[in-house]
Amino acid sequence: MDCKKITKQSVEKFLQDKTYKHLDIKCALIDMDGTLYNSMINHTAAWYRMMTELGVKCDRDEFYEYEGMTGAQTINVLFQRAFGKTATDDEVKELYHKKTLYFQELPKAGIMPGAEKMLEILAQNGIKRVLVTGSGQASLLDRLQKDFPGVFTRENMITSKDVTHGKPSPEPYLKGLEIAGVKPNEAIVIENAPLGIKSGADAGIFTVGITTGPIKSEKMLQAGANILYNSMEEFSNDLQNLIKATKEI
Ligand code: MG
């Protein structure tokens, strides 16, 4: 089966499941870590170092599974497991700060190959670009302006500071729809992590899952991805075709 057919079928299946008449893409809600930046390798290393130093037994790869949660949520998953209680607000603040410092010590994460092309195709098609991230790390948020000039400003960005519940709650993507002024069937979500995919899917939005780390594609499908790509480059190469498919249905 060819690629174009799969893309079209994914959109048709989504419309059927949701009983939407059309998918009229006016806005793309785009995740940051592991989507725009190849940064998860550093995040997982920083989390692992901070938690191990604290005496919490953990596995480096498990932090890929928590991607999309806020820092406080991630800390509390491990606190519950290790100590049977949640961390205090002061502990969360101190530990997230420490994790951020360890992250900053690591070599700068690169732009995800294919991400710039993806942003360009969206702009060429008049599709609004909005960032929806669980991160609150200023170091990466500040880089966005420099790395993607004119694309992301504070007005078209939802970060951990704008939500009560992080991914997998639908709240971040619902807030993304709100600031873009569009309905769920007028947007797509672009995500690399199962919790982020669940957040987008539960917000009723066509959710593109892109494998950019060790997470298996089955987990992305279980989380609710409507279509899967093996890399950001593969997605950016098919994006025009996806946009075309939504107009033909
Ligand atoms: Mg991500």
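Because the structure is a prediction, the values reported are computed rather than measured.

Thresholds, definitions, all that
Residues numbered from 1 in each chain as written. Predicted model: local features only at pLDDT ≥ 70, side-chain atom pairs only at ≥ 80, totals over all residues. Heavy atoms only, no water. Axes fitted to C-alpha atoms, helices over the stretch in contact; angles between N-to-C directions. Helix = DSSP H or I, 4+ residues; strand = E, 2+ residues; numbered from the N terminus. Parallel < 35°, antiparallel > 145°, perpendicular 65-115°, else oblique. Left-handed = near helix turned anticlockwise from the far one by under 90°. Contact = heavy atoms within 4.5 Å. Nonpolar A, V, L, I, M, F, W, Y, C, P; charged D, E, K, R; others polar. Donors = N, O, S within 2.8 Å, 3.2 Å for Na, K, Ca; no water. Buried < 20%, exposed > 50% of the residue type's maximum accessible area, 1.4 Å probe, protein only. Pairing = 2+ DSSP bridges. Right-handed = clockwise from strand over helix to strand, strands pointing away. Salt bridge = Lys/Arg side-chain N within 4 Å of Asp/Glu carboxyl O. Expected span 1.5 Å × (residues − 1).

**Student:** How would you sum up the packing of helix 2 (residues 40-53) against helix 4 (residues 71-83)? Please name residues and give values.
**Tutor:** One way to put it is that helix 2 packs onto helix 4 with a least axis distance of 12 Å and a crossing angle of 45°. Judged by the angle between their axes, helix 2 and helix 4 are oblique. The two elements helix 2 and helix 4 meet at a crossing, and its hand is right-handed. In contact with Trp 47, Met 50 and Met 51 of helix 2, helix 4 contributes Gly 71, Thr 74, Ile 75 and Leu 78. A breakdown of the residues in the contact of helix 2 with helix 4 according to their chemical character gives five nonpolar, two polar and no charged.

**Student:** Before we move on, can you summarise the coordination of the magnesium ion with the specific residues and values?
**Tutor:** Note on the magnesium ion: its protein donors are Asp 31 (OD), Asp 33 (O), Glu 67 (OE) and Asn 192 (OD1). The metal-donor distances range over 1.9 to 2.1 Å. In primary sequence terms, the donor set of the magnesium ion follows D-x1-D-x33-E-x124-N. Here Glu 67 is found in the loop between helix 3 (62-65) and helix 4, whereas its partner Asn 192 is found in the loop between strand 4 (187-191) and helix 9 (194-202), with 125 residues between them in sequence. When its relative accessible area of 8% is taken as the criterion, Glu 67 is described as buried. On the basis of relative accessibility, which here comes to 7%, the residue Asn 192 falls in the buried class.

**Student:** Now, about the sheet that holds strand 4: what can you tell me, with residues and values included?
**Tutor:** Pairing in this open sheet of six strands is parallel, and the strands run 3-2-1-4-5-6 from one edge to the other. The sheet terminates laterally at strand 3 (157-158) and strand 6 (227-229), the two strands that pair on one side only. One ladder, built from three bridges, connects strand 5 (residues 206-210) with strand 6; its direction is parallel. Within strand 6, the residue paired with Ile 210 across the bridge is Tyr 229. Sitting on the sheet, helix 8 (residues 171-180) is in contact with strand 1 (27-30), strand 2 (128-132), strand 3 and strand 4, with an inclination near 145° to strand 2.

**Student:** Tell me about the pairing of strand 5, and please be specific about residues and values.
**Tutor:** Regular strands show a simple pattern: their side chains alternate between the two faces of the sheet. Counting buried positions over the five residues of strand 5 gives five, a clear majority of the element. Taking every second residue as pointing to the same face, both faces of strand 5 are buried, with Phe 206, Val 208 and Ile 210 on one and Thr 207 and Gly 209 on the other. For the crossover from strand 4 across helix 9 to strand 5, the handedness is right-handed. Note that the unit made of strand 5, helix 10 (residues 217-223) and strand 6 has a crossover that is right-handed.

**Student:** Describe the environment of Ala 187, and please don't skip the residues or the numbers.
**Tutor:** For Ala 187, the location among the structural elements is in strand 4. Ala 187 sits in the buried class, given a relative accessible area of 0%. Sequence spacing of Ala 187 and Thr 207 is 20 residues, and the spatial spacing of their C-alpha atoms is 9.0 Å. With residues near it in sequence (within four places) discarded, Ala 187 still touches Leu 23, Asp 24, Cys 27, Leu 29, Leu 177, Val 182, Ile 205 and Phe 206.

**Student:** Got a sec to walk through the pattern of salt bridges? Specific residues and values, please.
**Tutor:** This model, assessed by the stated rule, comprises 14 salt bridges. We note a salt bridge from Asp 31 to Lys 167, for which the minimum N-O separation is 3.1 Å. With Asp 31 in the loop between strand 1 and helix 2 and Lys 167 in the loop between strand 3 and helix 8, this pair connects stretches of sequence that are 136 residues apart. Given the relative accessible area of 4%, Asp 31 is considered buried. The closest approach of N and O atoms between Lys 183 and Glu 186, which form a salt bridge, is 3.9 Å. Among the residues examined, Glu 186 registers a relative accessible area of 10% and is labelled buried. Salt bridges linked by common partners bring Lys 26, Lys 183 and Glu 186 together as one network.

**Student:** Provide a residue-level description of the pairing of strand 1, including the pertinent values.
**Tutor:** A two-sided burial pattern is seen for strand 1, the buried positions comprising Cys 27 and Leu 29 on one face and Ala 28 and Ile 30 on the other. With four bridges connecting them, strand 1 and strand 2 associate as parallel partners. Looking at strand 2, one finds that Cys 27 is bridged to Lys 128. Where strand 1 and strand 4 come together, four bridges link them in parallel fashion. Opposite Ile 30, over in strand 4, you have Ile 190 as the bridge partner.

**Student:** Outline helix 5 (residues 89-105), supporting the account with residue identities and numerical values.
**Tutor:** Given a rise of 1.5 Å per residue, 17 residues ought to cover 24 Å, and the 25 Å separating the end C-alpha atoms of helix 5 matches this to within 8%. Considering only its buried residues, helix 5 is in contact with helix 2, helix 4 and helix 7 (138-147).

Spatial relationships are all this shows, so hold off on functional conclusions.
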